[in-house]
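Listed here are the chains, written in short residue letters.
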Amino acid sequence: MGKMSNFQLGVIGALFLSVASSVSIVICNKALMSNLGFPFATTLTSWHLMVTFCTLHAAQRVNLFENKPIDMKTVMLFGILNGVSIGFLNLSLGFNSIGFYQMTKLAIIPFTVLLETVFLKKQFSQKIKLSLFLLLVGVGIASITDLQLNFVGTIVSLLAIATTCVGQILTNTIQKRLNVSSTQLLYQSAPFQAAILFVSGPLVDQFLTKQNVFAYKYSPIVLAFIILSCIIAVSVNFSTFLVIGKTSPVTYQVLGHLKTCLVLAFGYTLLHDPFTGRNIVGILIAIFGMGLYSYFCTQENNKKQADPLGSQMKEKDATPFLAPEKEDHEVKNSDKDSLV
């Protein structure tokens with residue numbers, strides 16, 4: 001019971017850190033880009049990852065965590081994939097309307113479910129699927145305002161969905177199968193993510209904004225917000241890997257849509273963004289779907305604990321926000337050190 005309680009406290013902390021840091025960075029970046037006129041999102045993300053790596057490197061040097069070597073090919077491909085997915089998401093926003101971009105983000109959950117079902121042989125109950133459907137409907141009502149399709153934008157969005165889903169599934173799979181912590185994986189992969197975005201970021205941003213990040217005139221207040229954004233990003237990146245490792249990619253996406261609802265609410269409260277009855281109805285439906293998801297996941301996890309033999313014969317992906325990882329899925333260091 002003590003181990004379970006400690007795990008639950010750890011997951012609660014990870015979820016709180018993820019929500020708080022993500023909402024904070026959205027508000028910070030919105031002020032930076034909308035109010036201060038700094039539109040270079042992809043380049044800013046590369047700076048986030050560089051600062052994250054430097055912070056983790058300093059932490060590792062003072063022995064705050066142990067660096068565990070991971071197969072270089074695995075880490076390199078994983079880091080590049082995550083970097084490419086960020087670029088595709090930003091390009092999706094550039095090529096499509098905001099409504100279609102929101103649809104792209106909503107499609108990540110069903111596509112993740114599909115990939116895990118086909119390739120990882122995970123099974124999702126009808127109750128879990130119903131709760132996810134309600135969640136997606138609610139977020140769609142609250143956030144989608146228009147849908148404008150074009151061929152290039154659709155292709156870019158499909159690539160963004162595929163790379164994001166695979167990247168998040170690998171984040172969970174690598175931590176479990178190679179028995180590494182979220183900190184160790186982020187420390188190993190952040191340089192490759194930063195490198196791919198540092199090279200491609202200015203080109204992507206110039207294509208989308210018709211401005212050059214190196215020719216931009218940086219005022220003191222812009223520099224202050226960039227530094228603040230990079231500091232918050234350390235918590236965002238760390239909590240992302242932590243939450244996916246302790247729960248599942250689908251649970252992380254559910255949490256992400258909770259953040260969307262909170263951002264809408266904070267945007268109305270703090271930034272006086274337009275807010276209608278449609279937004280309120282959508283947020284309420286989404287929160288109801290999240291509640292059902294957490295309840296059904298907890299219910300199914302309790303059944304697994306009551307019948308461990310049955311759960312080994314037929315595994316379901318019912319990872320609730322506070323469910324511990326199954327030790328059966330952890331592989332010893334000597335068994336496997338590469339996924340590629």
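Residues numbered from 1 in each chain as written. Predicted model: local features only at pLDDT ≥ 70, side-chain atom pairs only at ≥ 80, totals over all residues. Heavy atoms only, no water.

Looking at an unreviewed UniProt entry, one finds the chain named UDP-xylose transporter 1-like and attributed to Durio zibethinus. We quote the UniProt Subcellular location (unreviewed entry) comment for the chain here in full: "Membrane". (UniProt positions renumbered as here; feature names shortened; annotations may be inferred.)

Q: I'd like to hear about the overall build of the chain, residue by residue, with values.
A: Looking only at helices and strands, one finds 12 helices and 0 strands in the chain. Put simply, the chain runs from its N terminus to its C terminus through helices and strands in the order α-α-α-α-α-α-α-α-α-α-α-α. Out of the 340 residues belonging to the chain, those deemed buried represent 47%. When contacts within the chain are restricted to residue pairs at least 6 apart in sequence, those whose partners lie at least 24 apart make up 85%. Carbon and sulfur atoms make up 68% of the accessible area of the chain, which totals about 16700 Å². (Helix = DSSP H or I, 4+ residues; strand = E, 2+ residues; numbered from the N terminus. Buried < 20%, exposed > 50% of the residue type's maximum accessible area, 1.4 Å probe, protein only. Contact = heavy atoms within 4.5 Å. Areas by Shrake-Rupley, 256 points an atom, 1.4 Å probe, with all protein chains shown as cover.)

Q: Pulling in residues and values, what's your account of the packing of aromatic side chains?
A: Enumeration according to the criterion identifies 11 aromatic pairs in this entry. Ring geometry for Phe78 and Phe241: centres 6.0 Å apart, planes at 85 degrees, overall edge-to-face. Placement of Phe78 in helix H3 (residues 72–95) and of Phe241 in helix H9 (residues 220–246) is noted, with a sequence separation of 163 residues between them. Both residues of the pair, Phe78 and Phe241, belong to the buried class. Taken together, the ring pairs connect Phe38, Phe40, Trp47, Tyr216 and Tyr218 into an aromatic cluster. A cation over an aromatic ring shows up here: Lys210 above the ring of Phe207, its NZ or CZ 5.2 Å from the ring centre. (Phe/Tyr/Trp six-rings, centres within 6.5 Å; stacked < 30°, edge-to-face > 60°. Lys NZ or Arg CZ within 6 Å of the ring centre and 35° of its normal.)

Q: Account for the nonpolar core, with residues named and values stated.
A: With 21 residues, the main nonpolar core has Ile128, Leu132, Leu135, Val254 and Tyr293 as its most contacted residues. Elements represented by at least two residues in this core include exactly helix H5 (108–119), helix H6 (126–143), helix H10 (249–270) and helix H11 (277–306). Of all the elements, H11 adds the most residues to this core, at 7 residues. Grouped together as the second largest cluster of nonpolar side chains are 14 residues, Ala59, Ile174, Leu185 and Phe241 included. (Core = buried A, V, L, I, M, F, W, Y, C linked by side-chain atoms within 4.5 Å.)

Q: Give me the lowdown on the UniProt feature "transmembrane region" (unreviewed entry) in the chain, citing residues and values where you can.
A: The positions that UniProt labels "transmembrane region" (unreviewed entry) are, in the present scheme, residues 38–59, 75–93, 132–149, 155–173, 216–238 and 277–296. Secondary structure across residues 38–59 divides into 86% helix and 0% strand, with the first and last C-alpha atoms of the span separated by 30 Å. Here residues 277–296 runs as 100% helix and 0% strand, with 29 Å between its end C-alpha atoms.

Q: So what's going on with the packing of helix H2 (residues 41–61) against H9? Residues and values would help.
A: Between two packed helices, what matters for the description is the angle formed by their axes and the separation of those axes. Look at H2 against H9: their axes get within 8 Å of each other, and the N-to-C directions meet at 65 degrees. Once H2 is placed against H9, the crossing between them reads as right-handed. Where H2 abuts H9, its residues Leu44, Trp47, His48, Leu49, Val51, Thr52 and Thr55 lie against Ile226, Ser229, Cys230, Ala233, Val234 and Asn237. (Axes fitted to C-alpha atoms, helices over the stretch in contact; angles between N-to-C directions. Left-handed = near helix turned anticlockwise from the far one by under 90°.)

Q: Which residues make up H2, and what values do they have?
A: For H2, which comprises 21 residues, the first-to-last C-alpha distance of 30 Å matches the rise-based estimate of 30 Å (1.5 Å per residue) to within 8%. The complete set of buried residues in H2 reads Thr42, Thr43, Leu44, Thr45, Ser46, His48, Leu49, Thr52, Leu56, Ala59 and Gln60. (Expected span 1.5 Å × (residues − 1).)

Q: Residues and numbers for the pattern of salt bridges, please.
A: Any two side chains of opposite charge can pair, on the condition that their charged atoms come close. Taken as a whole, this structure holds 1 salt bridge when the rule is applied. Two residues, Lys122 and Glu116, come together in a salt bridge whose shortest N-O distance is 3.5 Å. Exposure class is identical for Lys122 and Glu116. Each is buried. (Salt bridge = Lys/Arg side-chain N within 4 Å of Asp/Glu carboxyl O.)

Q: I'd like a rundown of the environment of Gly291, residues and numbers included.
A: With respect to the helices and strands, Gly291 occurs in helix H11. Gly291 gets classed as partly exposed once you look at its relative accessible area, which sits at 41%. Through-space distance from the C-alpha of Gly291 to that of Ser131 is 8.1 Å; in sequence the pair is 160 residues apart.

Q: A description of unusual backbone geometry should follow, citing residues and the corresponding values.
A: For residues other than glycine, phi is negative in most cases, and the peptide bonds are mostly trans. Positive phi, close to 65 degrees, is recorded for Asn63, a residue that is not glycine. By secondary structure assignment, the location of Asn63 is in the loop between H2 and H3. Residue Asn63 is classed as exposed on the basis of its relative accessible area of 68%. The phi torsion at Lys121 lies on the positive side, around 60 degrees, for a residue other than glycine. By the secondary structure assignment, Lys121 is in the loop between H5 and H6.

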